[in-house]
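Descriptive structure summary
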Amino acid sequence: MHYFKKENEKLTCLLCSHYCKLKPNQTGICGVNKNTGSKIECLVFGYPAALNIDPIEKKPLYHVLPNTTTLSLGTVGCNFKCPFCQNHGISQEHNIDKNKHQTPEQLVQLAVSNGCQSISYTYNEPTIFYPYAKATALIAQQYGLKNIFVSNGFESKEVIDDMVGVIDAANIDLKSFDKHYYKKELGGNLDSILDNLKRFKTNGIHVEITTLIIPTKNDSDEELILMAQFIANELGVDTPWHLSAFHPDYKQQDLPRTSVDTLNRAYAIGKKAGLNFVYQGNASLPNPTCCTQCGYEILNRVTYAIEKNDLVQGNLCPKCSTPLPGVFMNTRNTSVAGTFYPDSCSEIKRYINHFNTALQNSDFNHQLDFSPKAIICPHAGYVYSGFTANIAYCIIQHIQAKRFVVIGPSHKIAFEGLSVSTQDSYQSPCGNINIDTQYANTLIEKFNFCHFNAQAHTEHSTETQMPFIQHYFPNSSIVEIVYSRSSSMNIEQIIEYALHDKDTFVIISTDLSHFHTLNEANILDNYCLEAIENLDLDSWNKGCEACGQTGVKALISYAQKHQLQSKLLDYRTSAQMTKDESSVVGYTSAVLG
Ligand code: SF4
């Protein structure tokens, strides 16, 4: 979107509903957006005045990624002048501390390295720094992070429309239902805020409402009923309403704290209006969330601490499978981090650096006479097969692929066909990896042998590939496919579909023979190596044993039909590490293109 438009000699700022018309050198009501001649510049871009890691429950957001942390940032400036502002130290300040510079990339790295699942634009009014927030949000998305606005609801309609696909959730204040109070004491406009709340909803952004209940200002039954009815009728009964207790602050020192009785009265009004999710904040009260269908208590928290979280599959009631409205991450959790590969990012990097040093000191020939389309990789613990796998990733590191389709056999459960993960995000010690869910859903729609089976996605044959993908291709997304009882023809169809698109790369995961003596393993594995190197299925069928043979055969068949070439990269067995030749596992890697 354009953040300003030209009208005569003035520029109109499009960031909030004040729509300030600014002459050259003039700054808007917020104090941080300035007409610098040919444009309106957001002076706080890159300069957070507050930066913390908070529980998401503190925003407050109770229907967004429960029990996670969110990197929270705000700048100086605000488009409101609330006399009770708890962040007045920054919101009513206009001096920018230029020593605290943070690029959008640095913010995202900070969030990732601290294990945050989201970034919240909060503390002061974030719409006044929307250009900075959006630049950060777009990078955050690449790391599977959600983006959250905590706002007074006085955005411009242009900003709210621009948030689609950028901002996932918002907590918006509904501070009063009195137009006069909004205008005189807060510096806003009730009608604009009500319109904006409806706009957030119709734009598909998850909204939770917060009302700070201030004695004598907005705590009458009449006003609370109007607010509750507006939320229920215009935004929907599933919209969470947070009733927050006031304490004296800033210029509003003359009023008492909100009593628990008042909070309970407001709570009853919200429930009577039909709201399913009413919460009481700043009062150390328990705040349960119950299933709207069966009444089961799914979540509970006191203040910011989650006391109970029984959600299953991301957002479902464990008793009746009714989805809880909100934004929930259905994460593909790691299952072998800390066993097959390190559970710390620095340790993963240390392993990969070690593999590459060893590779540089070897006589390995990096020359490739073709453009890579697929690799075959082993999937044992990194101490056994990490070096072999890393060669394949190292040799393809300059390809331009945006999406990696990782296909591996199921070792834990048996099922029919192929399971394609439709989870949102893939957990990794180096920060979550984006799953291309749209692509995953397309595969399920297109191929009737594909489905999603959550249990299949605790599989190590695919998971062990992810740290390599993340290391060499940090901006890519992945699609995880685990197969059990499947024909190689079905997997070949997936490979055919994937490689039809030049942005997609295929990874076939397999180990070779298991638990033979070293001599026997070498004989058996040699059939596999010949088959892969010569793209010859007859060699394979002479006696190759591989847990991922269905996938490898599918790739060889595809390679034959498309006249691909193949290069073997490494072969070794576990004996190299264990020095025990009586029972070994074979590993190889190869590249095809
Ligand atoms: S953000 Fe709002 S208050 Fe600030 S200059 Fe733009 S329109 Fe005016």
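See the structure shown above.
Quick caveat, the model's predicted, so the values are computed rather than measured.

1. Things to note about the pattern of salt bridges
- With the rule as written, the count across this model stands at 22 salt bridges.
- Ionic pairing is found between Asp161 and Arg199, a salt bridge with its closest N-O pair at 2.9 Å. A residue pair is termed long-range when its members are at least 10 positions apart, and Asp161 in helix H4 (residues 157-162) and Arg199 in helix H6 (residues 190-202) qualify at 38 residues.
- We classify Arg199 as partly exposed; its relative accessible area is 28%.

2. A look at the sheet that holds strand E11 (residues 206-213)
- Sheet architecture is open: eight strands sit in the order E6-E7-E8-E9-E10-E11-E12-E13, paired in mixed fashion. Each edge of the open sheet is held by one strand with a lone partner, namely strand E6 (50-55) and strand E13 (278-281). For this sheet the average axis-to-axis angle between neighbouring strands, irrespective of direction, equals 20 degrees.
- Pairing of strand E9 (residues 146-151) with strand E10 (residues 169-173) involves four bridges; the strand directions are parallel. Bridge pairing in E10 links Val150 to Asn171.

3. Overview of the state of the cysteines
- Tallied over the entire structure, the rule returns two disulfides.
- Linked covalently through their sulfurs, Cys528 and Cys544 form a disulfide whose S-S length is 2.0 Å. Linking Cys528 and Cys544, the disulfide has an S-S dihedral of approximately 100 degrees and is accordingly described as right-handed. Placement of the pair is Cys528 in helix H15 (residues 518-534) and Cys544 in the loop between helix H16 (537-540) and helix H17 (549-561), with a sequence separation of 16 residues. Cys544 matches Cys528 in its accessibility class, with the two residues each being buried.
- Looking at the protein chain, its bonded cysteines, counted consecutively from the start of the sequence, adopt the pairing 1-2, 3-4.
- This cysteine, Cys116, is not joined by any disulfide, and Cys345 carries the nearest cysteine sulfur, 15 Å off.

4. Side note on a nonpolar patch on the surface
- A surface patch of nonpolar side chains, about 270 Å² in accessible area, is lined by Val383, Tyr384 and Met577.
- Along the chain, the position of Tyr384 falls in helix H10 (residues 382-395).
- For Tyr384, a relative accessible area of 34% puts it in the partly exposed group.

5. Concerning the sheet that holds strand E15 (residues 297-302)
- Here three strands make up an open sheet; going across it, the order is E14-E15-E16 and the pairing antiparallel. In the strand order of this sheet, the two ends are held by strand E14 (289-290) and strand E16 (305-309), each with one partner.
- Relative to E16, E15 is paired through four bridges, and the arrangement is antiparallel. Paired with Leu299 across the two strands is Asn309, which belongs to E16.

6. Section: the nonpolar core
- Core analysis: the largest hydrophobic core is formed by 78 residues, its most contacted members being Ile119, Tyr121, Phe129, Leu174, Leu197 and Trp241.
- Per-element tally for this core: the top contributor is helix H7 (residues 221-235), with seven residues.
- Sequence-distant contacts of Tyr121, that is, excluding residues within four places in its chain, are made with Leu73, Pro126, Phe129, Ala133, Thr136, Ala137, Asn147, Ile148, Phe149, Val150 and Ile167.
- The next biggest cluster of nonpolar side chains, apart from the first, holds 40 residues, and it includes Tyr439, Phe447, Ile494 and Leu529.

7. A look at a positive patch on the surface
- The grouping of Lys81, Lys183, Lys184 and Lys251 at the surface amounts to a positive patch.
- Looking at the secondary structure, you find Lys81 in the loop between strand E7 (69-74) and helix H1 (88-91).
- The exposure class assigned to Lys81 is partly exposed, which follows from its relative accessible area of 45%.

What counts as what
- Residues numbered from 1 in each chain as written.
- Predicted model: local features only at pLDDT ≥ 70, side-chain atom pairs only at ≥ 80, totals over all residues.
- Heavy atoms only, no water.
- Salt bridge = Lys/Arg side-chain N within 4 Å of Asp/Glu carboxyl O.
- Helix = DSSP H or I, 4+ residues; strand = E, 2+ residues; numbered from the N terminus.
- Buried < 20%, exposed > 50% of the residue type's maximum accessible area, 1.4 Å probe, protein only.
- Pairing = 2+ DSSP bridges.
- Axes fitted to C-alpha atoms, helices over the stretch in contact; angles between N-to-C directions.
- Disulfide = S-S within 2.5 Å.
- Patch = residues over 30% accessible without salt bridge, like charges linked within 9 Å, V, L, I, M, F, W, Y side chains within 5 Å.
- Areas by Shrake-Rupley, 256 points an atom, 1.4 Å probe, with all protein chains shown as cover.
- Core = buried A, V, L, I, M, F, W, Y, C linked by side-chain atoms within 4.5 Å.
- Contact = heavy atoms within 4.5 Å.
- Lys, Arg positive; Asp, Glu negative; His and termini not counted.
- Charge placed at Lys NZ, Arg CZ, Asp CG, Glu CD.

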